[in-house]
Every structure is written in structure tokens, then in C-alpha cells.
Amino acid sequence: MPFDIRPLDPLTASEDLLADYHLMRAAVVAEDFPEDPPLTYESAVGRLRTPPIEDGACRYWACHLEGRLAGSVRVALPDDSNSGIANVEVHVHPELRRRGIGTALLRPAAAAVLAAGRAAVLGVPVKPGSPGSRWAHGLGFAVTRSTVMQVLLVAETPPKSWDVPVRPGYRLARWTGATPEPYVDSYAVARQAIHDAPLGTTSHRETVWTPALIRATDRDLLDAGVEQRVVIAVEDDTDRVVGVHVLHNYPHRREFGYVHDTSVLVGHRGHGLGRTMKAAMTRWLADERPDLERILTTTATTNTFMIDINHSLGYRTARTMEWIEIPTARLAERLASSPHGAGD
């Protein structure tokens, strides 16, 4: 029976379709990421309807096979620093893999990426040696970066792990939501320090922060219902922001906190400011958000310094992930020459 692939609009989809989508995605998580908690309906559908704002415009397709939702694909078209790439995320129900569903879903996705004029396709990060990794490599995707995901289980971590004093000469400040105007200019500069983090050979680029973009992003997060918490390190002598630690909490997954950025300006490194800001954030959350169960952060595997800092605060390494990428034109050629139905 041929695949039935149709666009999926998360805002107008029927409840039955959304329920089927959740069952498919929950099965994928259980199979591919057994170390994660079960994926709830609220989390699956909420991410469809409220993707991270840095992903830009998103389009979706769903594949049905014999009346069953067998898989989906998402194409995200970020703006600004990443206007040359597209992020493509393919999921196939574990019971229906090896029938060509993933490859079939890539066809409308690749056409959309070509139409958008994006030069490179970045796939969702995959576990090394996993079925998804083997399928992507078979299509010509290459590994461009390796990261570890680390998880802090708040209730299981001794609070004394977060007793980290700030070094003399600096102080911490914090806020929820919009950036206080007195900090905006130096805060934008301090967020640029994330550009020093190792990125491998990926075409993904870190955001080029400006005061205007800080303000616009704050408004977008508020409109999306995303809670943004920020802890900063301020130099006493200059009153300038020299370190930032940013965490986002999404309305559809209130029990998870996602670390967005941690960075310290070059001239202020080696003073433990990163660890101090992370510790202060965690204690703040533990005190004010008893419903928040875990905090997740992703770090390049080569950044052993930050990985060790996270371990000292109670984080555990959950898994290693590989970022994969292919030029859009090459992917289109591979799909054109691939037998329909081959692959995942």
C-alpha cells in the first residue's frame, strides 16, 4: 500500500490526529531514548504548537500507512544567523521502520528546503550507531559536531551542591522575563561570548545578539508563554555584565528546564563565574519551582571543562549525540536516485 503523506497543521489538526501523533512520538522516545521519562500528550502536542522561537517558521507532514500514523517530518527555517540552513526532524514509529517511510517523508521536506533557498539541511541529533544514524549516513549525511546531554534531577541532588559563593569583585543579579533596561547593552555583549564555544564543522551559527534583538526575543518569548530566567555576573568596578546563564521553561513541559546559554567574557574567565551562575539558578528554581523536576543542558563533547562543572553541580550525562548535516542539493540528488520506499 502506498504511503499517504499530507501536510500537518498543528493548529487545525483534529484531536484524533493529534492523539495518533502523540502515540507515534511516545513510541519513538521509548525506543530511542529509554533513559528519558515517557512523552506526555501535552509535551508532544505542545512542542508542535509552540516550537522554540529560534527555530523560526516550521512546516510539518505526516505519513499514514494502512490508516495508521506511521511517521512525521518537521522543517524549521531559522532566521538571522542561521538563515542559510534548515533543520529537518524525521520520526518513524519503531514498529514500521525499514519500509522507506523516513525517506518518503524527506521528499516533501527537501522540496520545501530547496524552495526556501537554504543551502544545508541539518538533521535532528542522533545517537552514534543508532538506527537513525545508520539511515542518515546511508543518505549521505555527515557528522559535524558531537555533544553530550546532561540532566540534573532537582529533588535527587543535595542542595549543598549549589553552595557556590561569587568571587570578590563580582556580584550576581537575576530576573524573570524581560531584560532590565540598565543591563541590556552589556548583556548583549556578554551573550556574544557563547561564540567561543566549540561548534565543530556544523553550519549552525550562534545568534549575533544586539540590544534590539534582546528586546525582540524577550517579547517573542512572552508571547509564546515561555518563562525565561536569567542569572548574570556583574563586575563591581564597571557595573557591566560579564557572564550570563539563561534558562527557558515551556508551557507544555513545565517540569523541564532547558539551559539556553552559559557564557563568560574572555577577560573574566577562570574565576568560577560559570559555576556560580549555574548554582544560583538551580537554587532559585528549587526554591520557587517545586514542580520543576529536571534541568537539561547540552555541551560539546570536547568542552570537558564545562562538563566537569556540570557534574560538580549534580548533573548526570544522559547520552552522547551527533549532529548531522548534508548540502541541500546533494540530498535532493540522493532522494532523486533512491528507489522510492528504500531506507527507513
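Residues numbered from 1 in each chain as written. Predicted model: local features only at pLDDT ≥ 70, side-chain atom pairs only at ≥ 80, totals over all residues. Heavy atoms only, no water.

Q: Got a minute to help me understand the packing of aromatic side chains in this structure?
A: Two aromatic rings, taken as a pair, are described by how far apart their centres are and by the angle between their planes. Summed over the entire model, instances satisfying the criterion amount to 4 aromatic pairs. With centroids separated by 5.7 Å and ring planes inclined at 15°, the aromatic side chains of Trp175 and Tyr183 adopt a geometry described as stacked. Trp175 sits in the buried class, given a relative accessible area of 6%. With centroids separated by 6.0 Å and ring planes inclined at 45°, the aromatic side chains of Phe256 and Tyr258 adopt a geometry described as tilted. Classification of Tyr258 by relative accessible area gives partly exposed; the value is 25%. An aromatic cluster is built from Trp175, Tyr183 and Tyr187, whose rings are joined through pairwise contacts. (Phe/Tyr/Trp six-rings, centres within 6.5 Å; stacked < 30°, edge-to-face > 60°. Buried < 20%, exposed > 50% of the residue type's maximum accessible area, 1.4 Å probe, protein only.)

Q: For this particular structure, what's the right way to read the pattern of salt bridges?
A: One side chain can pair with another of opposite charge once the charged atoms of both are near each other. Enumeration over the complete set of coordinates arrives at 20 salt bridges. Close ionic contact of Glu156 with Arg316 constitutes a salt bridge, the shortest N to O distance being 3.0 Å. In this pair, Glu156 is assigned in the loop between β6 (142-153) and β7 (170-176) and Arg316 in strand β12 (residues 316-327), connecting sequence segments 160 residues apart. Of the residues examined, Glu156 reaches a relative accessible area of 53% and is grouped as exposed. Using a relative accessible area of 45% as the deciding quantity, one classes Arg316 as partly exposed. Its salt-bridge partner being Glu227, residue Arg289 comes within 3.1 Å of it at the nearest N-O pair. Here the residue Arg289 occupies a position in the loop between α7 (273-288) and β11 (294-300), and Glu227 occupies one in strand β8 (residues 227-235), the gap between them amounting to 62 residues. (Salt bridge = Lys/Arg side-chain N within 4 Å of Asp/Glu carboxyl O. Helix = DSSP H or I, 4+ residues; strand = E, 2+ residues; numbered from the N terminus.)

Q: For this particular structure, what's the right way to read the side chain of His268?
A: Secondary-structure assignment places His268 in the loop between β10 (256-264) and α7. Beyond its immediate stretch of four places on either side in the chain, His268 contacts Tyr170, Glu235, Val242 and Leu273. (Contact = heavy atoms within 4.5 Å.)

Q: Explanation requested: helix α1 (residues 15-32) in the structure shown.
A: The α-helix winds at 3.6 residues per turn, so residues separated by three or four positions along the chain end up facing the same way. Between its first and last C-alpha, α1 extends 26 Å over 18 residues, near the 26 Å set by a 1.5 Å rise per residue. Inspection of α1 places Leu18, Tyr21, His22, Met24, Arg25, Ala27, Val28 and Val29 among the buried residues, and these make up the whole buried set. (Expected span 1.5 Å × (residues − 1).)

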